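# Commentary on secondary and tertiary structure
Here is how the chains run, residue by residue.
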Amino acid sequence: MLVTDVLIIGSEGAGARAAIAAHDAGADVLIVTKGRFGKSGATITGLADIDVDSHSAKEILKLPGNTNDSPEIFFEDILKEGKYLNNQKILEFHVAEAPLRVKEMMDWGMKVRALIHTPGHRYPRGVYSSGIDIMKTLVRQVRARKIKVLEDTMAVDLLLSADGIVNGALGLNLHNGTFIPLVAKATMIATGGGMMVYPIQTAPEDLTGDGQAIAYRAGAELIDMEMVQFHPCDLLYPPAWRGIGFPFTIGPSAGLDVWLLNKYGQRFMSKWDPERMEKTTRDILSIAIMTEVLEGRGSAYGGVYMSLAHLPHNLVDYFLEWFSQRGSVGPNWKYQGFNFSELMERVKKGYAMEVGPACHFFMGGIRINEKCETSLPGLFAIGEVAGGTHGANRLSGNACTQILVQGARGGENAARYAARHEGHLDLDRSQIEKIEQRLLRYLKEDGGLRPIKARKELQKVAWEKAGIIREGSSLQAVLEWLGDFKMNSIPQLATGATERQYNREWMEAIQIESLVVILEAIAKSALLREESRGAHYRRDFKKMSNDWFRNIIVRNDHGEMIAHTRPIVMTRWKTEDGLL
Amino acid sequence: MSDEQRTIEVRIFRFNPCVDKESRHETYNVPYFEGYTVSNVLQYINEAYDGGLAHYLSCRRGICAECIVKVNGKVVLGCMEIVRGDITIEPVTPDRVIKDLLMSRSQDVD
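This section reports on the structure supplied with the text. (Residues numbered from 1 in each chain as written. Chains lettered and ligands numbered in written order. Predicted model: local features only at pLDDT ≥ 70, side-chain atom pairs only at ≥ 80, totals over all residues. Heavy atoms only, no water.)

Attention shifts here to the interface of chain A and chain B. Chain A puts 43 residues into the contact, and the matching count from chain B is 38 residues. Across the chain A to chain B interface the summed buried area is about 3500 Å²; carbon plus sulfur atoms make up 51%. Together, Arg36, Lys39 and Arg504 of chain A form the three largest contributors to the area buried by chain A at its contact with chain B, with a combined 20%. Inspection of the chain A/chain B interface yields five salt bridges. The closest approach of N and O atoms between Arg36 of chain A and Glu66 of chain B, which form a salt bridge, is 2.9 Å. (Contact = heavy atoms within 4.5 Å. Buried area = accessible area lost by both parts, 1.4 Å probe. Salt bridge = Lys/Arg side-chain N within 4 Å of Asp/Glu carboxyl O.)

So, in structure tokens, the structure goes:
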């Protein structure tokens, strides 16, 4: 057993920033991560613009910002993009504290390459760095404070005291397969989104929604779970490139005027946005591409074709020259760890890349208030795992702001909470034994359903019926499928290999429990919301409705997931502002 | 996908210190898919043969570098290295093996 003041589950952007804040507020801190510190999760993969209002960018950060901007205008833009579903109390401190948090990162040595202007923002607000640089900066600060980090250890459930207070978590040491109670006065979840619920995602393998799931099982509310953002044009093949956003970056994002073609060679965007065509918004692009795929006009690997054949070769070469100064694509078409020069040579000869949408971000998550407290005493949540900041859609650059702002604020609040509370060292052994038994039953030799296969089945259902395009009947079908899956498939999961030491199939089985919660929450929430708004698109309710200025909440009611609505938390902007 | 019938031999270093006295190499026949990386092949083996085969995989884009392995004696990132024929996959530092290809982290965190 390990005992600490503040337990932080998840070690990357949000978790690391929270650890620093909690430590500086006087708490003893323990970070636990199922991966490796600075080497897992979503943060390091970000191209990473960090939003601050452009006025502060100029005055505080000394970047070429525009002083006509203000935190208030930034606030409005976030709210507009979120279609007015955002929690405004969270937004108040988001815009107010962003400049301080970025300034601090720069003082700590984070490199800034530029201030960029991305769609949806009225002014240039994206302080352009990289996920790798953000993590290097945070890792240095965590190490300097000698904060303990427990790697390769998965938090499999929260521990609850008899009066329902969160008391830490049960960890599973993945190296040797033993369970270890992690007892804390305050517990903070910072595990990111649940993108692995879909078969294609821009995120790393780790993002399986474990944080949302353990919070939900313990009784915490989840909010806005129907709001999932898709990244429209990612590579589909070969598998090594699956979900890589290179085509979007060089094309529709801010690059070349590329053409998207269906299998008949038709430039289908003319049906959706004849003016902006491929340069339309991410959600319209994703819906359009998915419609082509679902209606049988897709490409061989389940996407559409992105063509540059109409562009002269020397133009494409010159594009690389000027575009590479932005930093996301380097000389020789280097992009992240990839070198796409061979691919681009073929593209210049007329070959079209096959592209499709990939799951990119969860706007929804654990419901928090402006102190980053969840609906359960003793439990905090920050970053992508927490819902409410972005409403129905997220602006580019606001995820990085969220991890820094909520990390700092949540960490400090958790430390204060821990200082005020005694904690509960008297562990409920029966609770721990129940969890252990539940997870150990998956270690079976033969005859059952292999977890990897089960996960793929689940992802397929999620993609086809609760993905980019939804309707009442498809969402009902998901819930029926899930009912059967929980009743008949989960009890039959069998890992094949039965050793407890770093057994990837056992990890898969445990993560499937998380994915089931994520998918059910998406489907239940999406079914209730009978309109289309932001990232949520219902084919049977294509319009946004004034009746739906409400958040949707799901919670665990004695093992059953209940969905209901909740009034939006407002400060300066009222519902009338968002009316159609 | 044109070469779907072709198979390759993948030899892998196996060692679970909790169970095994010493390490061994196991050979798996894996269908050849154009563009598969070492990590894709390991995932295939996890699915088709042994879910217990330990290796690390997170970012899938050459950033986190924790999937580092030795392939035919050469140190590579598993998620970036394209497989073109028979291969032998081993841990980079056998004395740091936790299990199979999974190594404990080096002290140098940056």
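Residues and elements named next belong to chain A. Here strand 20 (residues 550-557) pairs with strand 21 (residues 560-567) via eight bridges, running antiparallel. Counterpart to Asn556 in the pairing with strand 21 is Met561. Remark: two residues form the turn of the hairpin made by strand 20 and strand 21, two consecutive strands paired antiparallel; His558 in that turn has positive phi of roughly 50°. (Pairing = 2+ DSSP bridges. Helix = DSSP H or I, 4+ residues; strand = E, 2+ residues; numbered from the N terminus.)

Residues and elements named next belong to chain A. Across the 12 residues of strand 9 (residues 178-189), nine count as buried, placing the element largely inside the fold. Of the pairings in the sheet, the one linking strand 1 (residues 2-9) to strand 9 comprises seven bridges and is parallel in character. Within the sheet, the bridge partner assigned to Ile8 lies in strand 9 and is Met188. As paired strands, strand 8 (residues 166-173) and strand 9 are joined by six bridges and run antiparallel to one another. Bridge pairing in strand 9 places Gly168 opposite Val183. (Buried < 20%, exposed > 50% of the residue type's maximum accessible area, 1.4 Å probe, protein only.)

The next point concerns the side chain of His390 of chain A. Residue and element names in this part refer to chain A. With respect to the helices and strands, His390 occurs in the loop between strand 19 (386-387) and helix 11 (398-420). Side chain to side chain, His390 and Gln402 meet in a polar contact 2.7 Å long. When sequence neighbours within four positions are dropped, the list of residues in contact with His390 reads Gly82, Asn86, Phe361, Met363, Asn398, Ala399 and Gln402. (Polar contact = N/O pair within 3.5 Å; in protein donor to acceptor, adjacent residues only side chain to side chain.)

This part takes up the state of the cysteines. Residue and element names in this part refer to chain B. Tallied over the full model, the rule gives zero disulfides over all chains. Cysteine Cys59 remains unbridged, with the sulfur of Cys64 as its closest cysteine sulfur at 4.0 Å. Take Cys67: it sits in no disulfide, and the sulfur closest to it among the cysteines is that of Cys79, at 3.9 Å. (Disulfide = S-S within 2.5 Å.)

Strand pairing within a sheet occurs via backbone hydrogen bonds; the two strands may be parallel or antiparallel. Residue and element names in this part refer to chain A. One open sheet holds the three strands; their spatial order is 3-5-4, and the pairing between them is antiparallel. Each end of this open sheet is capped by a strand with a single partner; those strands are strand 3 (49-51) and strand 4 (114-116). The mean angle between the axes of side-by-side strands here comes to 35°, regardless of whether they run parallel or antiparallel. Pairing between strand 3 and strand 5 (residues 126-128): three bridges, direction antiparallel. Opposite Ile50, over in strand 5, you have Val127 as the bridge partner. (Axes fitted to C-alpha atoms, helices over the stretch in contact; angles between N-to-C directions.)

Residue and element names in this part refer to chain A. Where helix 1 (residues 13-24) contacts helix 11, the two axes come as close as 7 Å, and the packing angle between them is 40°. Between helix 1 and helix 11, the interaxial angle falls into the category oblique. The element helix 1 and its partner helix 11 pack so that their crossing is right-handed. Along its contact with helix 1, which presents Gly13, Ala14, Arg17, Ala18, Ala21 and Ala22, the element helix 11 presents Ile403, Leu404, Gly407, Ala408, Gly411, Glu412 and Ala415. Looking at the contact of helix 1 with helix 11 residue by residue, the class counts come to eight nonpolar, three polar and two charged. (Parallel < 35°, antiparallel > 145°, perpendicular 65-115°, else oblique. Left-handed = near helix turned anticlockwise from the far one by under 90°. Nonpolar A, V, L, I, M, F, W, Y, C, P; charged D, E, K, R; others polar.)

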